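Coordinate inspection notes
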Amino acid sequence: MEKFTLEILFQIIGIGSASGLFFNNNSLYVIGDNSGFLYEYNMQNQQLNQHALIDNPTQNIPKNIKPDFESITNHNDTLYVFGSGSTEKRNKMISFDLKTKTILQKNNLVDLYGLMQSFGEIKPEDFNLEGAIFDGENWYLFNRGNGISNKNTIFTIHAKNLGEEFALVAVNYKLPKIKGVRSSFTDAILVEDKIYFLSTAEDTKSTYDDGEILGSFIGRIDLKTMKIDFTQKITSTNKFEGLTFYQKANGKIEFLLCEDNDTEVLETKIFKLSLPLKN
């Protein structure tokens, strides 16, 4: 692959453990896996607002009770925020209206997550959703295979609403390794008919406990064939967990990324990744 560039674009004070982001109209919406808030950062005036996603939210919720918001996606004027499903406390989906800046709905997806585990033959201790896409007709949910079974799985759910009847498909992927450790999905977005995804190699066999970070990849999957077009290692040190489309310019496609620093420090660096546009 041709040369990519990765740079720190800016830093946001007041957000920690960033796990997902969405760029829209000069605003960056960020979730953190320790936090009960949705953060809204205006990139022009550098103003940070926060919106409660749960009752009595705090910035750093203890690990054993946190909702573990790991995935964020949008369709039209609605944001959807998902818990990872890795414990019984982490089964929430929150729908948020971008126009009114209010919560539209709160759902408990425990039944859906249980069905996905059964259908995908993933043990509860290996179930850990870290990416979500909704295109209006299909939901794509990405299981991070950082458990013992290394099940990197994309679940495709054909339904306009997750509460109605649906068709379910599961596809498993073998993602690239670093130092013998297989990387695993940490986020994904849809740009036209291509899925761009992040994966990180973390030296752990647990969906709960953190391990040594060995690096991260960007990759692309063709939506029609669901096969990987390419993967590219972009860092040896960062645990990138958030990916959003920024712009296309000068023959390049640019994304904004955030990393989970696995600490309680309320600082988040936002990176810009530029890749050459290719078919």
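The structure under discussion appears in the preceding block.
The sections below set out a description of the structure shown in this document. As the structure is a prediction and not an experimental result, all values here were calculated from the model.

1. Some details on the overall build of the chain
Secondary structure summary: the chain contains one helix and 22 strands in total. In summary, the chain has a C-alpha radius of gyration of 17 Å against a globular reference of 19 Å for 279 residues, a match within 12%. Each of the three principal axes of the chain carries a C-alpha extent, and together these read 45 × 40 × 35 Å. A burial count over the chain gives 55% of its 279 residues as buried. Counted over contacts in the chain with a minimum sequence separation of 6, partners at least 24 positions apart contribute 48%.

2. Comments concerning the pairing of strand E4 (residues 37–42)
Extensive coverage of E4 is indicated by the burial of five of its six residues. Where strand E3 (residues 27–32) meets E4, five bridges bridge the pair, whose relative direction is antiparallel. If you follow Val30 over to E4, its bridge partner there is Tyr39. The pairing of E4 with strand E5 (residues 47–52) spans six bridges and is antiparallel. Across the sheet, Asn42 pairs through a bridge with Gln47, a residue of E5. What sits between the antiparallel neighbours E4 and E5 is a turn of four residues, in which Gln46 has the positive phi angle 60°.

3. Examining the nonpolar core
Core analysis: the biggest nonpolar cluster contains 19 residues, and Phe82, Met116, Leu141, Ile157 and Leu162 have the highest contact counts within it. Contributions of two or more residues to this core are made by strand E7 (78–83), helix H1 (110–119), strand E10 (129–134), strand E11 (138–143) and strand E12 (152–158). Residue contacts for Ile157: discarding those within four places in its chain leaves Leu112, Met116, Glu137, Asn138, Trp139, Leu141, Leu162, Phe166, Ala167 and Leu168. In this structure, Ile189, Phe230, Phe271 and Leu273 belong to the second largest nonpolar core, which totals 15 residues.

What counts and how
- Residues numbered from 1 in each chain as written.
- Predicted model: local features only at pLDDT ≥ 70, side-chain atom pairs only at ≥ 80, totals over all residues.
- Heavy atoms only, no water.
- Helix = DSSP H or I, 4+ residues; strand = E, 2+ residues; numbered from the N terminus.
- Rg over C-alpha atoms; globule rule 2.2 N^0.38 Å.
- Buried < 20%, exposed > 50% of the residue type's maximum accessible area, 1.4 Å probe, protein only.
- Contact = heavy atoms within 4.5 Å.
- Pairing = 2+ DSSP bridges.
- Core = buried A, V, L, I, M, F, W, Y, C linked by side-chain atoms within 4.5 Å.

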